[in-house]
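A closer look at the structure
Spelled out from the first residue to the last, the chains are:
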Amino acid sequence: MRTNLNCMAHNCAFNKLGSCYASHIKVEGFDATVTPETYCDSFRNRHAFNLSNYSGELGLTNTQNISCSATNCLYNINGGCNATNVEINSENATCETFRLG
Ligand code: SF4
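Residues numbered from 1 in each chain as written. Predicted model: local features only at pLDDT ≥ 70, side-chain atom pairs only at ≥ 80, totals over all residues. Heavy atoms only, no water.

Per an unreviewed UniProt entry, the protein chain carries the name DUF1540 domain-containing protein and comes from Asaccharospora irregularis DSM 2635.

1. Focus on the overall build of the protein chain
Helix and strand counts for the protein chain come out as 0 helices and 9 strands. Against the 2.2 N^0.38 benchmark of 13 Å for 101 residues, the protein chain shows a C-alpha radius of gyration of 13 Å, consistent with a compact globule. Expressed as a percentage of its 101 residues, the buried residues of the protein chain come to 44%. Looking at the protein chain alone, contacts between residues at least 24 apart form 66% of all its contacts between residues at least 6 apart. Carbon and sulfur atoms make up 49% of the accessible area of the protein chain, which amounts to about 5,900 Å² in all. One way to put it: in the protein chain the 6 positive side-chain charges average out to a point 10 Å from where the 8 negative ones average out. (Helix = DSSP H or I, 4+ residues; strand = E, 2+ residues; numbered from the N terminus. Rg over C-alpha atoms; globule rule 2.2 N^0.38 Å. Buried < 20%, exposed > 50% of the residue type's maximum accessible area, 1.4 Å probe, protein only. Contact = heavy atoms within 4.5 Å. Areas by Shrake-Rupley, 256 points an atom, 1.4 Å probe, with all protein chains shown as cover. Lys, Arg positive; Asp, Glu negative; His and termini not counted. Charge placed at Lys NZ, Arg CZ, Asp CG, Glu CD.)

2. Focus on the UniProt feature "domain: DUF1540" (unreviewed entry) in the protein chain
If you check UniProt for "domain: DUF1540" (unreviewed entry), the listed places come out as residues 6-43 and 66-98 in our numbering. What you have in residues 6-43 is 0% helix and 32% strand, and the ends, taken at the C-alpha atoms, are 14 Å apart. Between the C-alpha atoms that bound residues 66-98 the distance is 13 Å, and the span itself is 0% helix and 30% strand. (UniProt positions renumbered as here; feature names shortened; annotations may be inferred.)

3. Re the nonpolar core
Leu-5, Ile-25, Val-27, Ile-66, Val-86 and Ile-88 are the most contacted members of the largest nonpolar core, which has 21 residues in total. When contributions to this core are tallied by element, the ones reaching two or more residues are strand S1 (5-7), strand S4 (25-28), strand S6 (66-68) and strand S9 (86-88). Among residues more than four places away in sequence, those in contact with Val-86 are Asn-4, Leu-5, Asn-6, Thr-63, Ile-66, Cys-81, Cys-95 and Thr-97. (Core = buried A, V, L, I, M, F, W, Y, C linked by side-chain atoms within 4.5 Å.)

4. A word on the environment of Ile-88
Tracing the backbone through its elements, the reader meets Ile-88 in strand S9. Taking the relative accessible area as the measure of exposure, Ile-88 reaches 1% and is therefore buried. If we ignore the near neighbours within four places in the chain, the residues touching Ile-88 are Leu-5, Asn-6, Cys-7, Met-8, Ala-9, Cys-40, Ala-93, Thr-94 and Cys-95.

5. Here we look at the pattern of salt bridges
Going through the model one piece at a time under the given rule, you end up with 1 salt bridge. In this structure, Lys-26 engages Glu-28 in a salt bridge whose closest nitrogen and oxygen atoms are separated by 3.6 Å. (Salt bridge = Lys/Arg side-chain N within 4 Å of Asp/Glu carboxyl O.)

6. What to know about the side chain of Asn-76
Positionally, Asn-76 belongs in strand S7 (residues 76-77). Beyond its immediate sequence surroundings of up to four residues, Asn-76 is in contact with Cys-68, Ser-69, Ala-70 and Thr-71.

Structure below.
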């Protein structure tokens, strides 16, 4: 199944083959002016987080399921994300789609 949220953080417990199954995610970066100042707050390291004990909802995450605090981003509309596609980075789960608006 395809989604417009492409997540390269394969070490996240919610990641399956580049798709996110957290059902919704929170991207942080209130004062961010560059990508490294953003990060996915929903990231959970798969070695430290046991998904089988997780009681929250699981489901494919699309960009409309993003809550984002990076208000300086061009795509941020009232805390939602208006980008056509979003890519989350592999190493530190930053938002590669962030653009200073
Ligand atoms: S593209 Fe912008 S608004 Fe969308 S998640 Fe990334 S930082 Fe937030």
